[in-house]
Amino acid sequence: MDDAKNIKIILLGEMGTGKTSLINAYFGKSFDSNMFTTSAPEFYQKQLKIKDIDCSVGVWDTAGQEKYRSISKIVINGAQIVVYVYDITKEETFKELKFWCNCVEEILGKKVILGVVANKIDLYENQKISKQEGEKYAEDIGALFKETSAKEDSKGFCNFINQLVEKYIDENRNIIKDKTKKRMSISKHNKNKKKNAC
């Protein structure tokens, strides 16, 4: 996939919301209830073909702790897709989405694909934020919404991320095709130069 379109995805949210477990699910790894909290941003990558477009999808897992928020701001730069994650059993993680949303708007503006993920629905008996509240917040910021569980709904989360990638491709198809054509033209030109060289 030398001509793959690079798509950068960021997962943002507070410590303990399950961002790393969700990313592991997306990359086909098993759920680990003993996983340590991410202490610094981490990067993962996979190759996809969506709607006839070759994509190199890079996913950043940003640490949620206050002391790492300045690092998170640096990592946010250049993202095409942002996914806000909160824990349905912890109200403060939902309230802090506003902080992350402000960070993204300050750095990226509003030209970015957004998703809101209500994680840990397997703990529904301790739910503090209703599905309706999550859907309303997502609607207010122009994001797609998904209730999920890294433990029990890995396929659902994977489908959601791919849905966001599809949305990005749909909204930027002409730009992506133009860039691909330019790369192919440059590659062809370079091959011809080598072929005609003495």
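Predicted, not measured: the structure shown is a model, and the values here were computed from it. All residue numbers refer to positions counted from 1 along the written sequence of the respective chain. Where totals are concerned, whole chains, interfaces and linings use all residues; where local detail is concerned, this predicted model gives features only for residues with pLDDT of at least 70, and gives and counts side-chain atom pairs only at 80 or more. The side-chain quantities take in all heavy atoms of the structure and omit both hydrogens and water.

Hey, could you go over the pairing of strand β6 (residues 144-147) for me, with residue numbers and the actual values?
As paired elements, strand β5 (residues 113-119) and β6 share 4 bridges and run parallel to each other. Bridge pairing links Ala 118 to Glu 147 in β6. By definition, the crossover connecting two strands over a helix is right-handed if that path, from the first strand to the second, turns clockwise as seen with the strands pointing away from the viewer. Numbering of helices and strands starts at the N terminus; helices are DSSP runs of H or I of at least 4 residues and strands are runs of E of at least 2. Of the crossover connections in this fold, the one passing from β5 over helix α5 (residues 131-141) to the parallel β6 is right-handed. Strand pairing follows a simple DSSP-based rule, namely that at least 2 bridges must link the two strands.

Explain the sheet that holds strand β1 (residues 5-12) to me, using residue names and the numbers behind them.
An order of β2-β3-β1-β4-β5-β6 is seen for the 6 strands of this open sheet, with the pairing classed as mixed. Edge positions in the sheet fall to β2 (42-50) and β6, since each has one partner strand and no second. Adjacent strand axes in the sheet meet at a mean angle of 20° when their direction is disregarded. Across 4 bridges, the pairing between β1 and strand β4 (residues 81-87) is parallel. Bridge pairing links Ile 10 to Val 82 in β4. Seen against the sheet, helix α4 (residues 97-108) touches β1, β4 and β5 and runs at an angle of roughly 170° to β4. Here, axes are lines fitted to C-alpha atoms. For helices the fit covers the stretch in contact, and angles between N-to-C directions go from 0 to 180 degrees. Any two residues whose heavy atoms approach within 4.5 Å are treated as being in contact.

Got a sec to walk through the pattern of salt bridges? Specific residues and values, please.
A pair is scored as a salt bridge if a Lys or Arg side-chain nitrogen falls within 4 Å of a carboxyl oxygen belonging to Asp or Glu. Tallied over the full model, the rule gives 4 salt bridges. The closest approach of N and O atoms between Asp 170 and Lys 51, which form a salt bridge, is 2.8 Å. Separated by 119 residues along the polypeptide, Asp 170 in helix α6 (residues 154-196) and Lys 51 in the loop between β2 and β3 (53-61) bring together distant segments of the chain. Residue classification places Asp 170 among the partly exposed residues on the basis of a relative accessible area of 41%. In this structure, Lys 136 engages Asp 140 in a salt bridge whose closest nitrogen and oxygen atoms are separated by 2.9 Å. A simple rule labels every residue: compare its accessible area, found with a 1.4 Å probe on the protein chains alone, to the largest value its type can have, and call it buried under 20%, exposed over 50%, or partly exposed in between.

Quick one: what's the story with the confidence of the model for the chain, residue by residue and with numbers?
Predictor confidence is given residue by residue as pLDDT, running from a minimum of 0 to a maximum of 100. The share of residues in the chain with pLDDT of 70 or more is 78%, and the mean pLDDT across the chain is 83. For the stretch residues 183-189, pLDDT sits under 50, and the model shows 3 contacts to residues farther than four places along the chain or on other chains.

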